[in-house]
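Residue-level structural notes
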Number of protein chains: 2
Amino acid sequence: MSLLMHTLRVELGERSYPVYIGRDLLADPALVSRHVSGAQVVLISNETVAPLYADRVRAALGERQLVTEIVLPDGEQYKTLATLAEIFDRVMADRHSRGTTFVALGGGVVGDIAGFAAACFQRGVDFVQIPTTLLAQVDSSVGGKTAVNHPLGKNMIGAFHQPRAVLADLNTLHTLPARELSAGLAEVIKYGLIARRRASTRWLEADHAHRCWRAKRRPLAEAIERSCAIKARIVAADEREGGLRAHPQSRPHLRPRHRDGTGLRRVAARRGRGGGNDAGAGAVRAPRLYRRRRSGGRRRAAARHASARRAAARAMRREHFIDLMGRDKKVVDGRLRLVLLAAIGEARIVDDVDEKELLGSSRQG
Amino acid sequence: MSLLMHTLRVELGERSYPVYIGRDLLADPALVSRHVSGAQVVLISNETVAPLYADRVRAALGERQLVTEIVLPDGEQYKTLATLAEIFDRVMADRHSRGTTFVALGGGVVGDIAGFAAACFQRGVDFVQIPTTLLAQVDSSVGGKTAVNHPLGKNMIGAFHQPRAVLADLNTLHTLPARELSAGLAEVIKYGLIARRRASTRWLEADHAHRCWRAKRRPLAEAIERSCAIKARIVAADEREGGLRAHPQSRPHLRPRHRDGTGLRRVAARRGRGGGNDAGAGAVRAPRLYRRRRSGGRRRAAARHASARRAAARAMRREHFIDLMGRDKKVVDGRLRLVLLAAIGEARIVDDVDEKELLGSSRQG
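Residues numbered from 1 in each chain as written. Chains lettered and ligands numbered in written order. Predicted model: local features only at pLDDT ≥ 70, side-chain atom pairs only at ≥ 80, totals over all residues. Heavy atoms only, no water.

**Here's the deal with the overall build of chain A**
Looking only at helices and strands, one finds 14 helices and 13 strands in chain A. Put simply, chain A has 365 residues, and 62% of those count as buried. Nonlocal contacts in chain A, meaning residues at least 24 apart in sequence, comprise 72% of its contacts between residues at least 6 apart. Carbon and sulfur atoms make up 48% of the accessible area of chain A, which totals about 13600 Å². (Helix = DSSP H or I, 4+ residues; strand = E, 2+ residues; numbered from the N terminus. Buried < 20%, exposed > 50% of the residue type's maximum accessible area, 1.4 Å probe, protein only. Contact = heavy atoms within 4.5 Å. Areas by Shrake-Rupley, 256 points an atom, 1.4 Å probe, with all protein chains shown as cover.)

**Quick word on the environment of B:Gln129**
Residues and elements named next belong to chain B. Following the sequence through the fold, Gln129 ends up in strand 6 (residues 126-131). Residue classification places Gln129 among the buried residues on the basis of a relative accessible area of 5%. Setting aside residues no more than four positions away along its own chain, Gln129 makes contact with Ala104, Gly111, Ser140, Ser141, Pro163, Ala165, Val166 and Leu167.

**Describing the pattern of salt bridges**
Residue and element names in this part refer to chain A. Evaluated as defined, the whole model comprises 14 salt bridges over all chains. As a salt-bridge pair, Glu76 and Lys154 come within 2.4 Å of each other at their nearest N and O atoms. With a gap of 78 residues between them, Glu76 in the loop between strand 4 (66-72) and helix 3 (81-93) and Lys154 in strand 8 (residues 153-160) connect regions that are remote in the sequence. (Salt bridge = Lys/Arg side-chain N within 4 Å of Asp/Glu carboxyl O.)

**Considering the confidence of the model for chain A**
Residues and elements named next belong to chain A. Summing up the model confidence of chain A, the mean pLDDT is 76 and the portion of residues at 70 or higher is 62%. Within the model, pLDDT remains below 50 along residues 240-298, and this stretch shows 166 contacts once partners closer than five positions in the same chain are excluded. Contacts for the low-pLDDT stretch residues 304-310, under 50 throughout, to residues beyond four places or in other chains number 18 contacts. Scored as a whole, the predicted complex attains pTM 0.76, and scored at its interfaces, ipTM 0.76. (pLDDT = per-residue confidence, 0-100.)

**Here's the deal with the packing of aromatic side chains**
Residue and element names in this part refer to chain A. By the definition in use, this model includes two aromatic pairs over all chains. Judged by centre distance (6.0 Å) and plane angle (45°), the rings of Phe102 and Phe121 are tilted. Of this pair, Phe102 sits in strand 5 (residues 101-106) while Phe121 sits in the loop between helix 4 (108-120) and strand 6 (126-131), and the two are 19 residues apart along the sequence. For Phe102, a relative accessible area of 0% translates into the label buried. (Phe/Tyr/Trp six-rings, centres within 6.5 Å; stacked < 30°, edge-to-face > 60°.)

**A closer look at the state of the cysteines**
Scanning the model with the defined rule gives zero disulfides over all chains in all. Here A:Cys120 stays free of any disulfide, with the sulfur of B:Cys120 as its closest cysteine sulfur at 4.6 Å. Owing to a relative accessible area of 2%, A:Cys120 belongs among the buried residues under this scheme. (Disulfide = S-S within 2.5 Å.)

**Here's the deal with the pairing of strand 2 (residues 17-23) of chain B**
Looking along a regular strand, one sees the side chains alternate between the two faces of the sheet. All names here are of chain B. Of all seven residues in strand 2, six are buried; the element is thus mostly enclosed. Across seven bridges, the pairing between strand 1 (residues 3-10) and strand 2 is antiparallel. Within strand 2, the residue paired with Val10 across the bridge is Tyr17. Pairing geometry for strand 2 and strand 9 (residues 165-169), over four bridges, is parallel. Note that in strand 9 the partner of Tyr20 across the bridge is Leu167. (Pairing = 2+ DSSP bridges.)

**Re the sheet that holds strand 3 (residues 40-46) of chain B**
Residues and elements named next belong to chain B. Taken together, the seven strands give an open sheet; going across it, the order is 1-2-9-6-5-3-4, and neighbouring strands pair in mixed fashion. Each edge of the open sheet is held by one strand with a lone partner, namely strand 1 and strand 4 (66-72). On average, each strand axis in the sheet is tilted by 15° relative to the strand beside it, whichever way the strands run. Pairing of strand 5 (residues 101-106) with strand 6 involves six bridges; the strand directions are parallel. Opposite Ala104, over in strand 6, you have Gln129 as the bridge partner. Relative to strand 3, helix 2 (residues 50-61) is tilted by about 165°, and along the sheet it contacts strand 3, strand 4, strand 5 and strand 6. Sheet contacts for helix 3 (residues 81-93): strand 3, strand 4 and strand 5; angle to strand 4, the most-contacted strand, approximately 160°. (Axes fitted to C-alpha atoms, helices over the stretch in contact; angles between N-to-C directions.)

**Points about the packing of helix 3 of chain A against helix 4 of chain A**
Residues and elements named next belong to chain A. The contact between helix 3 and helix 4 brings their axes to 10 Å, and the two run at 55°. In terms of axis orientation, helix 3 runs oblique to helix 4. Judged by the sense of rotation from one axis to the other, the crossing of helix 3 with helix 4 is right-handed. On the side of helix 3, the interface is formed by Thr83, Leu84, Ile87 and Phe88, while helix 4 contributes Ile113, Phe116, Ala117 and Cys120. Grouping the constituent residues of the contact of helix 3 with helix 4 by class yields seven nonpolar, one polar and no charged. (Parallel < 35°, antiparallel > 145°, perpendicular 65-115°, else oblique. Left-handed = near helix turned anticlockwise from the far one by under 90°. Nonpolar A, V, L, I, M, F, W, Y, C, P; charged D, E, K, R; others polar.)

**Topic: unusual backbone geometry**
One non-glycine residue with positive phi stands out, namely B:Arg95, at about 60°. Owing to a relative accessible area of 35%, B:Arg95 belongs among the partly exposed residues under this scheme.

**Structural notes on the sheet that holds strand 2 (residues 17-23) of chain A**
Sheet strands pair by backbone hydrogen bonding; their relative direction is either parallel or antiparallel. Residues and elements named next belong to chain A. With mixed pairing, the seven strands of this open sheet are ordered in space as 1-2-9-6-5-3-4. Pairing within the sheet leaves two strands with one partner each, and these edge strands are strand 1 (3-10) and strand 4. In this sheet, neighbouring strand axes are inclined to one another by 15° on average, regardless of whether the strands run parallel or antiparallel. Relative to strand 9 (residues 165-169), strand 6 runs parallel, the two being bridged by two bridges. Bridging from a neighbouring strand, Gln129 pairs with Val166 of strand 9. The strands touched by helix 2 (residues 50-61) are strand 3 (40-46), strand 4, strand 5 and strand 6; relative to strand 3, the strand with the most contacts, the crossing angle is about 165°. Each of strand 3, strand 4, strand 5 and strand 6 is contacted by helix 4, which is oriented at about 170° to strand 5, the strand it contacts most.

**Considering helix 4 (residues 108-120) of chain B**
Taking 1.5 Å as the rise per residue, helix 4 of chain B with 13 residues should run 18 Å; its terminal C-alpha atoms sit 18 Å apart, in good agreement. The element helix 4 of chain B is largely enclosed, with a buried count of 11 among its 13 residues. (Expected span 1.5 Å × (residues − 1).)

**A word on the side chain of B:Thr133**
All names here are of chain B. Tracing the chain through its elements places Thr133 in the loop between strand 6 and helix 5 (134-140). We classify Thr133 as buried; its relative accessible area is 10%. A distance of 3.1 Å separates a polar atom in the side chain of Thr133 from the backbone nitrogen of Ala136. Leaving out residues up to four positions away in the same chain, Thr133 has contacts with Gly106, Gly107, Gly108, Leu173, Leu176 and Glu180. (Polar contact = N/O pair within 3.5 Å; in protein donor to acceptor, adjacent residues only side chain to side chain.)

**Quick notes on the environment of A:Asp55**
All names here are of chain A. Along the chain, Asp55 falls in helix 2. Overall, Asp55 belongs to the exposed group, its relative accessible area being 62%. Taking the C-alpha atoms as reference, Asp55 lies 9.0 Å from Ala27; in sequence the two are 28 residues apart.

**Concerning the side chain of B:Asn149**
Residue and element names in this part refer to chain B. With respect to the helices, strands and loops of the structure, Asn149 is situated in strand 7 (residues 145-150). A polar atom in the side chain of Asn149 sits 2.8 Å from the side chain of Glu76. From its side chain, Asn149 meets the backbone nitrogen of Asn155 in a polar contact 2.8 Å long. Filtering out sequence-adjacent residues up to four positions away, Asn149 remains in contact with Glu76, Lys79, Thr80, Lys154, Asn155 and Ile157.

**A closer look at the pairing of strand 4 of chain B**
Residues B:Leu66, B:Thr68, B:Ile70 and B:Leu72 line the buried face of strand 4 of chain B, whereas the alternating positions B:Val67, B:Glu69 and B:Val71 sit on a face that is not buried. In this region the chain leaves strand 3 of chain B, passes through helix 2 of chain B and returns to the parallel neighbour strand 4 of chain B; the handedness of that crossover is right-handed. (Right-handed = clockwise from strand over helix to strand, strands pointing away.)

Structure follows, in structure tokens:
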């Protein structure tokens, strides 16, 4: 029996879609079939997640004309054009048409690559996100950003392609390693810092983060709902203001995603850390930089819960940082553009950060 | 001195863009700079076109911070994910940012792959089309359809990504082989048949097609302008009606592009023919099929000018045809959907064609 605990809606006109949060959602035939309506399905997962949940999703899909199950190797290093090509080989060999639906069952890597495959196959087919990590549930599964990595930069090749629905199943978090739960909590904190409502931050400062950490269901569902709601608002505003998502170069704009964590994550990846911690690290780093300019806040106390800072301190080397920042998407016409926190709920775009300031911030990480 | 003969506008709200038709446009610094405004440029061409025109475009671009010139091998067989990966390798190595502009200088293959690269690089950057074949000028450069091929199907991996501008330079047609000019004329005829205005068809039936064939500038400019105007109208209507371009599976709809030529073209490619003729062949084939159901018209007389029919007859083998149709994008949930001409200017969507009827039409090709 599935239990639906929260339903959100990402408002994007005719591309609006629901985000469901609850228990056993991925095994609910009515819910799954509502959003995977065609006769053909491409189910994409990885070798860690597929043995745990793929059978349940297949059962929930019921009888279909054609179901192709693609199990990717697990790891960010497989989020490449080469893996994408293998997906297309399978999908073409099985003769999927433009009426097919891609279903992403896994963490952020699976969601990003399956979403990008869905964006490109026949110039765009439906897809549904079933995120199975906390990080994917609170962040990457919502918003339609899809991509693969290039050896010289993360998420450099991708598309904006909104899912038809997101099914965040809390039960999948029981099988999640502690480090990945921590990575998700760091993201929850990031959204708390970005959001204008102080309630989010107070919620974090209370005992909730610790209770989430112990994977208690109620606080977790609430944390996911809060983060997704903030993200949904950002995505909806972004699309309505027009131009930015379609033409990212048109003007500076608040984009509170992994901005500052992206470069960090590449360094961390080399050291065998999970990527998510560094998104948190980025959220901590950027305020530090801003504080050097203005004033500090209580955000460090909150961030400490997720141990993001220390991970960053260990992972960070100056030369990597500068090199990676230079190649990242935050560089526009040779100028570095950062989203920094002036205070909780006050994200600002700053594009006059020079290398010295950056190093000053970095040294103290 | 450049000579601007026609300017059209593809009306797509904030993604509207101009189509310029004239002489020496690609060497006009003012025109080129108006639409390639950033400091960084990726100029993509092929080994046939680049030696003829790349220097002139580079000169027109003037001084820029960074210009990366990528020369692809010439031919449809290079319109692949592998070539795309090579483009990204160059662009990443040169550290292009999201403010860069991709410029496609060449025929349909260059435009499709450069456009798709621009669609995916950092989830979408600007691009400008400088089509150098008649087929690309009248068709593929307008409308934002970009793609690469999969070994099992043409244009199976792609995106909708509108250019910022299209510069159709008539002078580039002087270096075009006769067969490619013929391919472009077949496309002009297809648009004439699809358009609701009989004037287009009368224009074709008069001596104009022959004069185009002899590459006279005035009639050519007029033919390009007419075809682009029809195409611009279709693209604008399509986007306004909403949903179709974003969600191609949402409902049947008039899409009078290479629909019926796509399968044919793959057969022809194996036989070493230019792809364009088969778009014309498709335009002729589909009416034949419709005529078996209703009544004929004068379109054959017009199409004969481009010798498309005979090319199709030679290229076509039943088993290939059926196999390719089954894999093509025109199949939705296992049903074959075709755009057929009931009469000039009256395209209809038909989705109850069975295999026998198709073979009956094919046998007479």
